[in-house]
Every structure is written in C-alpha cells, then in structure tokens.
Amino acid sequence: QVQLVESGGGLVQAGGSLRLSCAASGRTFSSLAMGWFRQAPGKEREFVATITSSGRTYFADSVKGRFTISRDNAKNTMYLQMNSLKPEDTAVYYCAASLRFTYYGGRWRNPDYWGQGTQVTVSS
C-alpha cells in the first residue's frame with residue numbers, strides 16, 4: 001500500500017507560479033512511477049504530468065513548456081512546478097503512483113494509488 005499526501009495548492013493570479021508537492025510512504029518510493037492528474041468542475045479527470053522511476057518525464061500538451069515535474073527519492077517526494085499559470089489550470093490536482101508504468105495515447109494510464117487532492121485556483 002502507498003499513501004500519498006499533496007500540498008502546495010492555493011490561489012494565484014494568472015501568470016504566477018505554484019509548486020505542488022506529493023509525499024509518499026508505504027513502499028520504496030524510487031521504484032514507483034509518480035505523477036499528477038487534475039479535475040476541473042464539471043470535467044473529467046485529466047492527465048497532467050508523470051515521471052518514471054528512472055526519471056523520464058511526460059506532459060500533457062496543455063502544460064508543456066509551463067510545468068515541470070521532478071522527484072527527490074531521498075525525501076520520498078515528488079514536485080510539480082507550475083509556471084505561467086492560466087485560469088484554465090484551475091482544478092483539484094491529484095498525486096498518483098503506479099507500480100508499473102503504462103503510457104499510451106498521450107497519457108499515463110491506470111495509476112494504482114491516489115492522493116486526496118489539492119485545490120489550485122488561478123484568477124484572471
């Protein structure tokens with residue numbers, strides 16, 4: 001079992017930045033693929049970014065060039081640095097983890113574990 005706890009959400013103006021963190025426990029962090037999804041009101045949950053156990057990164061087209069993802073295996077923590085934020089980035093952001101990395105069709109598939117979510121609100 002893996003427990004995931006997000007932090008770092010909040011309210012920011014358009015063009016601003018936020019950094020989300022996801023602390024993991026319960027399993028060897030370095031062996032997990034980690035990443036983020038988000039869900040805006042009235043919309044389905046969508047893939048944002050992922051980082052594999054070897055450090056390879058993938059991003060949704062909507063955030064490429066603005067978001068970066070990283071991990072610190074010594075701290076069992078993953079980060080999402082969000083720059084040049086837009087109002088359409090407003091959503092609940094969920095940390096996720098998977099034991100096996102599956103990626104096709106431009107998105108990370110079927111994470112095994114989820115955090116509780118953290119709200120990100122970007123004002124115009």
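Here the residue numbers are simple positions, counted from 1 along each chain's written sequence. Local features in this predicted model are restricted to residues whose pLDDT is 70 or higher, and side-chain atom pairs enter the listing and the counts only when it is 80 or higher, whereas totals over whole chains, interfaces and linings include all residues. Side-chain descriptors were evaluated using all non-hydrogen atoms of the structure, hydrogens and water having been removed beforehand.

> So what's going on with the sheet that holds strand 3 (residues 18–25)? Which residues, and what values?
Pairing in this open sheet of 4 strands is antiparallel, and the strands run 1-3-8-7 from one edge to the other. Lying at the two open borders of the sheet, with one neighbouring strand each, are strand 1 (3–7) and strand 7 (67–72). Between one strand axis and the next, the sheet turns by 15 degrees as a mean value, whatever way the strands run. A pair of strands is considered paired only if DSSP assigns at least 2 bridges between the two. Put simply, DSSP marks the helices as runs of H or I at least four residues long and the strands as runs of E at least two long, and each gets a number from the N terminus on. Axis lines are fitted through C-alpha atoms, for helices just across the contact stretch, and the angle between N-to-C directions can take any value from 0 to 180 degrees.

> Lay out the packing of aromatic side chains in plain terms, naming residues and giving numbers.
Only Phe, Tyr and Trp rings take part, Trp by its six-membered ring, and two of them pair if their centres are within 6.5 Å. Stacked means planes under 30 degrees apart, edge-to-face means over 60, and tilted covers everything else. Following the criterion strictly, the structure yields 7 aromatic pairs and no others. The structure contains a cluster of three or more aromatic residues connected by ring pairs, namely Phe37, Phe47, Tyr58, Phe101, Tyr103, Trp108 and Trp114. We call a charge positioned over a ring when the NZ of a Lys or the CZ of an Arg lies within 6 Å of the ring centre and within 35 degrees of the ring normal. Note that Arg45 overlies the ring of Trp114, its terminal NZ or CZ placed 4.5 Å from the centroid. If you follow Arg109 out to its NZ or CZ, it ends over the ring of Tyr104, 4.3 Å from the centre.

> An account of the pairing of strand 1 is needed here, citing residue identities and associated values.
The buried label goes to any residue with under 20% of its type's maximum accessible area, the exposed label to any with over 50%, and the partly exposed label to all in between, with areas taken from a 1.4 Å probe on protein chains only. Of the two faces of strand 1, the one holding Leu4 and Glu6 is buried and the one holding Gln3, Val5 and Ser7 is not buried anywhere. Pairing analysis gives 5 bridges linking strand 1 to strand 3, with the strands arranged antiparallel. When the bridges of strand 3 are listed, Ser7 appears paired with Ser21.

> How would you explain the nonpolar core if you had to name every residue and give the values?
Judged by nonpolar contacts, the single largest core of 37 residues is most densely connected at Met34, Trp36, Leu80 and Tyr93. Listed by contribution, the elements that provide at least two residues to this core are strand 3, strand 4 (33–39), strand 5 (46–51), strand 6 (57–59), strand 7, strand 8 (77–82), strand 9 (91–98) and strand 13 (118–123). Looking at this core element by element, the count peaks at 5 residues for strand 9. Nonpolar cores were defined as sets of buried Ala, Val, Leu, Ile, Met, Phe, Trp, Tyr and Cys residues, with membership established by side-chain atoms within 4.5 Å.

> Outline the environment of Tyr93, supporting the account with residue identities and numerical values.
Mapped onto the elements, Tyr93 comes out in strand 9. Judged by relative accessible area, Tyr93 falls into the buried class, the value being 0%. Residues Tyr93 and Ala40 lie 53 residues apart in sequence; the distance between their C-alpha atoms is 8.8 Å. When near neighbours in sequence (up to four residues on either side) are disregarded, Tyr93 contacts Glu6, Leu20, Trp36, Phe37, Arg38, Val48, Phe67, Leu80, Met82, Gly117, Thr118 and Val120. Note on definitions: a residue-residue contact is assigned when non-hydrogen atoms from the two residues lie within 4.5 Å.

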